[in-house]
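One-letter residues, chain by chain:
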Amino acid sequence: MTIYSRITGVGSFLPGKPVSNDDLVARGIETSDEWITSRTGIRFRHLSEAGLTSSQMAREAALKALEMADVAAAELDLIIVATSTPDYIFPSTACLLQGALGNKGAAAFDVQAVCSGFVHALAIADKFIRSGSHNKALVVGAEVFSRILDWQDRGTCVLFGDGAGAVVLEASAQPGILATALHADGSQASILSVPGQISGGQVSGDPFLRMEGQAVFKAAVRVLVDVARECCAAAGMSPADLDWLIPHQANIRIIEATGKKMGLPKDKVVVTVDRHGNTSAASVPLALDEAVRDGRIQRGQRVLLEGVGGGFTWGAVLFEF
Ligand code: UT7
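Residues numbered from 1 in each chain as written. Predicted model: local features only at pLDDT ≥ 70, side-chain atom pairs only at ≥ 80, totals over all residues. Heavy atoms only, no water.

Caption draft 1: Main features of unusual backbone geometry. Cis rather than trans, the peptide bond between Pro175 and Gly176 has omega equal to -5 degrees. In this structure, Phe312 follows Gly311 across a cis peptide bond, with omega equal to -5 degrees. Mapping Phe312 onto the fold places it in the loop between strand S14 (302–309) and strand S15 (313–320). One non-glycine residue with positive phi stands out, namely Asp70, at about 55 degrees. With respect to the helices, strands and loops of the structure, Asp70 is situated in the loop between helix H3 (54–69) and strand S4 (78–82). Classification of Asp70 as exposed rests on a relative accessible area of 69%. In this model, Ser280 sits at a positive phi of 50 degrees, which is unusual for a non-glycine residue. Along the chain, Ser280 turns up in the loop between helix H9 (273–276) and helix H10 (283–293). (Helix = DSSP H or I, 4+ residues; strand = E, 2+ residues; numbered from the N terminus. Buried < 20%, exposed > 50% of the residue type's maximum accessible area, 1.4 Å probe, protein only.)

If you want it as structure tokens, here you go:
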């Protein structure tokens, strides 16, 4: 019998109240609602208060996903957290989450693939479950990108937000995740990075996010279209067979260009970037949670998740819900 991995629960968490573009102007950032909205589609983002960590937000999202799946934390045998803003250098955010959930014994580790971290983590969990070695996985994307932003750099600080999204993935005879595809190109490491290093107990070099916006923009559209087609082909499908596309939420122009090149109508593409900004590894599970809970995504429908980010990394997961 073929073992599939199936998403049985989703959950998410956003910290605090929405922060508008005008709120950023009021905080002294030299920008405007008009510039941010027209270039990116972002109107709001959530920014965590001091002290709130990725593992704490991950816990909130995870509890909702576990409740929907009707799975107790103690039943989990795999916990993967995708994050580039871990609570500590170590232990991993996944281990901190495991402790906070009261689970003992599950394998727990972090995945670092920046904004495509969640699809990487989900693809890994799928392979663990399909192999028969694990049965119930918790996969989370959680980020406090506000902590690695240079608030003097208006070209980046207006783009990002904080949050977490989670799914419970269980072994099932029914599909399930149908195909996954993961890629990276390390020669492009410098176009999106936080190039600081820990040395002598201090960060040496630059501890903030740096981005070559236009290079990232062009590469993002190209790889998101390519990996979506690759993943559909691996499942013996075409993009026209998809019910929903949930791309990484970085910029509405990237999302619309990707949907258009794939020939998908706008109403099949889930968009949250207007209200969440770019929450890196949390963006895809946050959007998935929203579209499941508001009833758009129905059982049996085919959904393609895809991410792209620093590394350069990209990937996709195609599943039947
Ligand atoms: O997870 C992946 C993460 N990253 C992305 O997806 C980002 C991909 N890139 C982008 O979305 C776009 O490149 C940006 C939105 C970041 C920038 O848009 P752009 O059209 O590429 O603008 P630009 O960087 O070429 O800057 C155009 C102008 C510059 O002024 P001058 O030199 O033309 O006078 C910037 O100084 O806009 C200025 N500018 C701003 N003005 C007001 C840059 N940031 C801002 C700002 N407010 N926040």
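Caption draft 2: A look at the side chain of Thr40. Within the fold, Thr40 resides in helix H2 (residues 33–40). Looking at Thr40, the relative accessible area reads 4%, which means it is buried. Within the structure, Thr40 has its side chain in polar contact with the backbone oxygen of Ile36 (distance 2.5 Å). When neighbours within four sequence positions are excluded, Thr40 is seen to be in contact with Leu159, Asn251, Ile252 and Val273. (Polar contact = N/O pair within 3.5 Å; in protein donor to acceptor, adjacent residues only side chain to side chain. Contact = heavy atoms within 4.5 Å.)

Caption draft 3: Focus on the packing of aromatic side chains. For the structure on display, the rule yields four aromatic pairs. Here the aromatic rings of Phe145 and Phe160 are separated by 5.3 Å at their centres, their planes lie at 35 degrees, and the arrangement is tilted. Placement of the pair is Phe145 in the loop between strand S6 (136–144) and helix H6 (154–157) and Phe160 in the loop between H6 and strand S7 (162–172), with a sequence separation of 15 residues. Classification of Phe145 as buried rests on a relative accessible area of 2%. (Phe/Tyr/Trp six-rings, centres within 6.5 Å; stacked < 30°, edge-to-face > 60°.)

Caption draft 4: Quick look at the sheet that holds S4. Pairing within the open sheet is mixed, and its five strands lie in the order S1-S7-S6-S4-S5. Each having just a single partner strand, strand S1 (4–13) and strand S5 (107–111) make up the two edges of the open sheet. The mean angle between the axes of side-by-side strands here comes to 20 degrees, regardless of whether they run parallel or antiparallel. Where S6 lies against S7, nine bridges are found, and the strand directions are antiparallel. Bridge pairing in S7 links Ala137 to Leu169. (Pairing = 2+ DSSP bridges. Axes fitted to C-alpha atoms, helices over the stretch in contact; angles between N-to-C directions.)

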